[in-house]
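Results of the structural survey
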Amino acid sequence: TYRAVLDILRSNSKLERLYHGAALGALKFCREYRRRTEFRRLCDMLRMHLGNLQKYGSGVVPGVEEGGKPNNKVRGWEGWTTESIELHLQTRFAQLETASVLHLYTEGFRTVEDIYNILQISHSRRKIPGVAAPPPKAKLMAAYYEKLTTLFWVSENYLFHAFAWYKYYTLCKEFNRGMSVEMRQMQASAVLLAALCIPTVSETQKSQKKKEDAIDAQRHHIQSTVEDDIAKEKMARMATLLGFHTRHPTREALLHEIQSRNIMEDVPDYLRDLYSLLEANSDPLVMVATARPLLEKLRAEVGSTNASMEEDEDSDDSTLARYVRPLTSVLLLKLLTNLSTAYHTVSLDHIKSLTSGLGVTFQQVEKLIVLSTHSKKFSVRIDHRAGCLRFGDADLESDAMRGQLTSLSKQLSSVCRFITPPDEVHQMAIREQ
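This is a predicted model, so every value here is computed, not measured. Residue numbers here run from 1 along each chain, matching the order of that chain's written sequence. Only residues with pLDDT of at least 70 are given local features in this predicted model, and only at 80 or more are side-chain atom pairs given and counted; all residues enter the totals for whole chains, interfaces and linings. Side-chain numbers come from the whole structure's heavy atoms, not from hydrogens or water.

1. A closer look at the overall build of the protein
Applied cut-off: Every helix listed is a DSSP run of H or I at least four residues long, and every strand listed is a run of E at least two residues long, numbered separately from the N terminus. Partly exposed residues are those whose accessible area sits between 20% and 50% of the maximum for their type, while under 20% is buried and over 50% is exposed, using a 1.4 Å probe and protein chains only. Contact criterion: two residues are considered in contact whenever any of their non-hydrogen atoms come within 4.5 Å of each other. Method for areas: the Shrake-Rupley scheme with a 1.4 Å probe, in which residue coverage is limited to the protein chains shown.
Scanning the protein from N- to C-terminus turns up 19 helices and 3 strands. Across the 433 residues that make up the protein, the buried fraction comes to 41%. Put simply, of all contacts in the protein between residues at least 6 apart along the chain, 69% involve residues at least 24 apart. Summing over all exposed atoms, the protein offers an accessible surface of approximately 24,600 Å²; the carbon and sulfur share of this is 53%.

Laid out in structure tokens, this is it:
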């Protein structure tokens, strides 16, 4: 029924509100009854309708082809207006929210591309002389980035989740001048915590990873180069679609923006202490003990971070307490990194005593160590026989590396004998004596 109604109303400007109302009803149906297959088909149909409007409805005379013949695909379409663009954006925002609730991340990212295309239509209309086309309202764009924070959170993409929070916070400050002090503090805290949840990579780890990548590139040059280019292109494309100020978003760039925009002034003192603890070179022996009361205070936070305080049973937890789990992982990663710079071996019992009180089991700590090693954040081995962690490259402790100096001396001796062969007469005289 929804499909038939949408096909009838797809391009009639006078019934455009009815079209978007039917689309919102169809999205609500898919969300309430968890109809993932129907939701994918609905997204494809809405995307096809939008494509037809972009292709055939953006000419000098909307709905008329180059030959002067009317196009039945956009019959009744009177052209893009500010109201039609806002209606399309609101429908895509509801589509994005439904995709995050149903955990269909691929459809969510495709919806982001649709929103980007609609924004490009609005941008192109503003270039037409004599056409008064204001940009989308800040409140509307803030609602868009609010939906993106949920999408990237459930997909565990902490980098883009943090950048979406930063854009949402700046837009809220722009259109909501009367925002309360509590809400401003809550949203500023969410921006900082989201940035801190991004996994850290120290300068030592970066240099080590570059060396390992160079070795791997020599072995598999073509494959590694293509994979890196594809990953960078995906990152740059997503940053462009989301309207970020940089094509290469990083943790350091976001924290620099937070500092330069004075967002730290709206953050509570205990979160500033947590920021200093995670960013400074803290003593690993007291790091966890210092962070434990800060995380406990964060876990007790109950205020919602969203500007709209509507209750929704399908939405995930929107309090600051949800950041405790990823922050704990970042804290453990920082602890292991600092231990690797100060010690060569650390007993497992000592690791257990350092990580006690964080609410994580030692099996979870082991899993984090294994995942960090696979991602080349640092080099460490778990020696259960000796009951310790061994930091450093395993190749440096192998038997071949231990005999490296002996092999080098033998090779140099053979080279010296080849360059300056010994005097046989002199050696015979020495032997006779």
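2. Some thoughts on the side chain of S189
Formally: Polar contacts, as used here, are pairs of N or O atoms within 3.5 Å; protein pairs need one atom able to donate a hydrogen and one able to accept it. Residues neighboring in sequence count only if both atoms are side-chain atoms.
By the element assignment, S189 lies in helix α8 (residues 181–196). Here the side chain of S189 touches Q185 through a polar contact of 2.7 Å, landing on its backbone oxygen. Not counting the four nearest positions on each side in its chain, S189 is found in contact with V267, P268, L271 and L320.

3. Details of the sheet that holds strand β3 (residues 388–391)
The test is simple: For two strands to count as paired, DSSP must find a minimum of two bridges between them. As a rule, the C-alpha atoms of each element are fitted with a line to give its axis, helices using only the stretch in contact, and angles between N-to-C directions run from 0 to 180 degrees.
Strand order in this open sheet of 3 strands is β1-β3-β2, and the pairing throughout is antiparallel. A strand with exactly one partner marks an edge of an open sheet, and here the two such strands are β1 (345–347) and β2 (380–383). If you compare each strand with its neighbour and ignore which way they point, the axes differ by 20° on average. Relative to β3, β1 is paired through 3 bridges, and the arrangement is antiparallel. Following the sheet pairing, V346 is matched in β3 by L389.

4. Quick notes on the environment of S124
Relative to the helices and strands, S124 resides in helix α5 (residues 105–125). Only 2.8 Å separates the side chain of S124 from the backbone oxygen of I121, close enough to count as a polar contact.

5. Observations regarding α5
Quick note on the threshold: Expected span of a helix, by definition, is 1.5 Å for each gap between consecutive residues, and there is one gap fewer than residues.
Counted at 1.5 Å a residue, the expected span for α5 with its 21 residues is 30 Å, and the 31 Å between its end C-alpha atoms agrees. When we look at burial in α5, the residues that qualify are E107, G108, T111, V112, D114, I115, I118, L119, I121, S122 and R125.

6. Observations regarding the packing of aromatic side chains
Within a pair of aromatic rings, the relevant descriptors are the distance that separates the centres and the angle that separates the planes. Where we set the bar: Whether two aromatic rings pair depends on their centres lying within 6.5 Å, for rings of Phe, Tyr and Trp, where Trp uses its six-membered ring; planes under 30 degrees apart make the pair stacked, over 60 edge-to-face, and the rest tilted.
Tallied over the full model, the rule gives 9 aromatic pairs. Centroid distance F29 to Y33: 5.2 Å. Interplanar angle 45°. Geometry classified as tilted. For F29, a relative accessible area of 31% corresponds to the partly exposed category. Taking the relative accessible area as the measure of exposure, Y33 reaches 53% and is therefore exposed. When the centroid spacing of 5.3 Å and the interplanar angle of 65° are considered together, the rings of W165 and Y168 count as edge-to-face. A residue pair is termed a helical-turn pair when its members lie 3 or 4 positions apart in one helix, as W165 and Y168 do in helix α7 (residues 158–175) at 3 residues. A single burial state applies to W165 and to Y168, both of which are buried. Here the aromatic residues Y2, F29 and Y33 are joined through ring pairs into a cluster of three or more.

7. Some remarks on unusual backbone geometry
Phi at R34 is positive, roughly 55°, even though this residue is not glycine. Along the chain, R34 turns up in the loop between α2 (16–32) and α3 (36–56). Note on R34: relative accessible area 37%, which makes it partly exposed. With a phi angle near 60°, H103 is a residue other than glycine that sits in the positive phi range. Among the structural elements, H103 can be located in the loop between α4 (82–101) and α5.

8. Describing the confidence of the model for the protein
What counts here: Scored from 0 to 100, pLDDT records how confident the predictor is in each individual residue.
Put simply, the protein has an average pLDDT of 81, and 81% of its residues get 70 or more. Mean pLDDT across the elements of the protein bottoms out in helix α9 (residues 203–219) (49) and peaks in α2 (94). A low-confidence stretch, residues 217–224 (pLDDT under 50), is modelled with 2 contacts involving residues beyond four sequence positions or located in other chains. Note on residues 308–315: pLDDT is under 50 here. Beyond four places in sequence and across chains, it has 8 contacts.

9. What about the nonpolar core?
We count it as follows: Buried Ala, Val, Leu, Ile, Met, Phe, Trp, Tyr and Cys residues that are joined via side-chain atoms within 4.5 Å together make up what is termed a nonpolar core.
Of all hydrophobic cores here, the largest spans 95 residues; its most connected members are Y144, L148, L242, Y323 and L327. Ranked by residues supplied to this core, first place goes to α7 with 12 residues. Those residues within four positions of Y323 in sequence are excluded, and the remaining contacts are W153, H161, W165, A190, L193, A194 and C197. Ranked by size, the runner-up nonpolar core spans 17 residues in total, among them F39, C43, A99 and L102.

10. Brief notes about the pattern of salt bridges
Note the cut-off: Between Lys or Arg on one side and Asp or Glu on the other, a salt bridge is scored when a side-chain nitrogen of the former is within 4 Å of a carboxyl oxygen of the latter.
All told, the structure shown has 14 salt bridges when counted by the stated rule. A salt bridge links R31 to E97, with the nearest nitrogen and oxygen atoms 3.2 Å apart. Here R31, found in helix α2, pairs with E97, found in helix α4; they are 66 residues apart in sequence, far enough to count as distant. Judged by its relative accessible area of 14%, R31 is buried. Since its relative accessible area comes to 23%, E97 is described here as partly exposed. In this structure, R299 and E296 form a salt bridge, with 2.9 Å as the shortest nitrogen-oxygen distance.

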